[in-house]
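A closer look at the structure
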Amino acid sequence: MTRTLKYLAGAVVTAAVAGMATVSYAAPATAPHEISGRAGTAQARPVQAAPATAAVTARRHAPTPRVVAPGEHVTAVPGFELWLTPEGKHWTTPGDPEPQFRSVVDGNIDLSSPGVSLQSEGTPERVHLSGLYYGGKGVASTVEIETRAGTVRGKLIELAGRPGWGVWYATADAVPADDGSWHFASKVTVRDTKGRVYASLALPR
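Definitions and cut-offs
- Residues numbered from 1 in each chain as written.
- Predicted model: local features only at pLDDT ≥ 70, side-chain atom pairs only at ≥ 80, totals over all residues.
- Heavy atoms only, no water.
- Helix = DSSP H or I, 4+ residues; strand = E, 2+ residues; numbered from the N terminus.
- Buried < 20%, exposed > 50% of the residue type's maximum accessible area, 1.4 Å probe, protein only.
- Phe/Tyr/Trp six-rings, centres within 6.5 Å; stacked < 30°, edge-to-face > 60°.
- Lys NZ or Arg CZ within 6 Å of the ring centre and 35° of its normal.
- Core = buried A, V, L, I, M, F, W, Y, C linked by side-chain atoms within 4.5 Å.
- Pairing = 2+ DSSP bridges.
- Axes fitted to C-alpha atoms, helices over the stretch in contact; angles between N-to-C directions.
- Contact = heavy atoms within 4.5 Å.

Looking at the overall build of the protein
Along the protein, the regular secondary structure elements total one helix and 18 strands. Out of the 205 residues belonging to the protein, those deemed buried represent 40%.

Quick look at the structure:
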């Protein structure tokens, strides 16, 4: 089984080749009135306030991260599992059942500034994507990853108590590079419940 491991954080990028290319790397106003009526008379009648737009409605019902207990395993697909502890992110993949770890307390990330990291491991059939997100304003809501397979939407998990960081994860079909690029994902964007960028990562080509 060919296995790819990528790790990205900020702008630091290193690469290796093993099968596929490998990278180890946020009081309503009074309703308006209208004038109508017969000639010589005028009547004022309230105009019904416009209903909330779809965008406003969507924001009101925007998803929030799934809250998990420390050590609680979340299965993305069989073999691809993630769990959180106060120290950071832990995960396994089908190609590597040995737990891996990304710390949030070792001083390598600044939780006071918006940031996203990316870890990627795959086979010729599927790529497993995940990473940290941290430091953004508002409440994280969604994550989108631009990949060679198209835009992939992932999921978010956090520990209780709003720790200021969480983990995103997603899976995608593997697609060989045909443009000379050596990474599968090109951008990760986490948005908040109002649709604003919470944190993002753009990968150099």
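On we go from here.
Description of the packing of aromatic side chains
Applying the stated criterion across every chain, the model contains one aromatic pair. With a centroid separation of 5.8 Å and 80 degrees between ring planes, the pair formed by tyrosine 133 and tyrosine 198 is classed as edge-to-face. Of this pair, tyrosine 133 sits in strand E12 (residues 126–134) while tyrosine 198 sits in strand E18 (residues 197–202); the two residues are 65 residues apart in sequence, bridging distant segments of the chain. The residues tyrosine 133 and tyrosine 198 share a single accessibility class, namely buried. Above the plane of the ring of tryptophan 91 lies lysine 89, whose end atom (NZ or CZ) is 3.8 Å from the centre.

Focus on the nonpolar core
Grouped together as the largest cluster of nonpolar side chains are 22 residues, with contacts concentrated most on Val116, Tyr133, Ile145 and Trp168. For this core, the secondary-structure elements that each account for two or more residues are strand E11 (115–122), E12, strand E13 (140–147), strand E16 (165–173), strand E17 (185–192) and E18. In terms of nonpolar packing, the next biggest core, distinct from the first, is built from 16 residues, Trp91, Leu132, Tyr134 and Ile157 among them.

Here's the deal with the sheet that holds E17
Each strand in a sheet pairs with another by means of backbone hydrogen bonds, the pair being arranged parallel or else antiparallel. The strand order across the open sheet formed by four strands is E14-E13-E17-E18, and the pairing between neighbours is antiparallel. Two strands close off the open sheet at either side, each with one partner strand: strand E14 (150–153) and E18. In this sheet, adjacent strand axes meet at a mean angle of 15 degrees when their direction is disregarded. Relative to E17, E13 is paired through seven bridges, and the arrangement is antiparallel.

A few points about the environment of proline 163
Structurally, the position occupied by proline 163 is in the loop between strand E15 (155–159) and E16. Assessed through its relative accessible area of 31%, proline 163 is described here as partly exposed. Separated by 28 residues in the primary sequence, proline 163 and glycine 135 have C-alpha atoms spaced 9.7 Å apart.

Observations concerning the environment of valine 139
Along the chain, the position of valine 139 falls in the loop between E12 and E13. Once the C-alpha coordinates of valine 139 and proline 65 are considered, the two residues, 74 residues apart in sequence, prove to be 8.4 Å apart. Sequence-distant contacts of valine 139, defined by excluding residues within four places in its chain, comprise Thr64, Pro65, Arg162, Arg191, Asp192 and Thr193.

Remarks on the sheet that holds strand E7 (residues 74–77)
On the basis of which strands lie adjacent, the open sheet formed by four strands has the order E7-E8-E9-E10 and antiparallel pairing. At either margin of the open sheet sits one strand with a lone partner, and together these are E7 and strand E10 (96–103). Taken pair by pair, the neighbouring strands of this sheet meet at an average axis angle of 20 degrees, ignoring direction. Bridge count between strand E8 (residues 80–85) and strand E9 (residues 88–93): five bridges; the pairing is antiparallel. Looking at the pairing, tryptophan 83 lines up with histidine 90 of E9.

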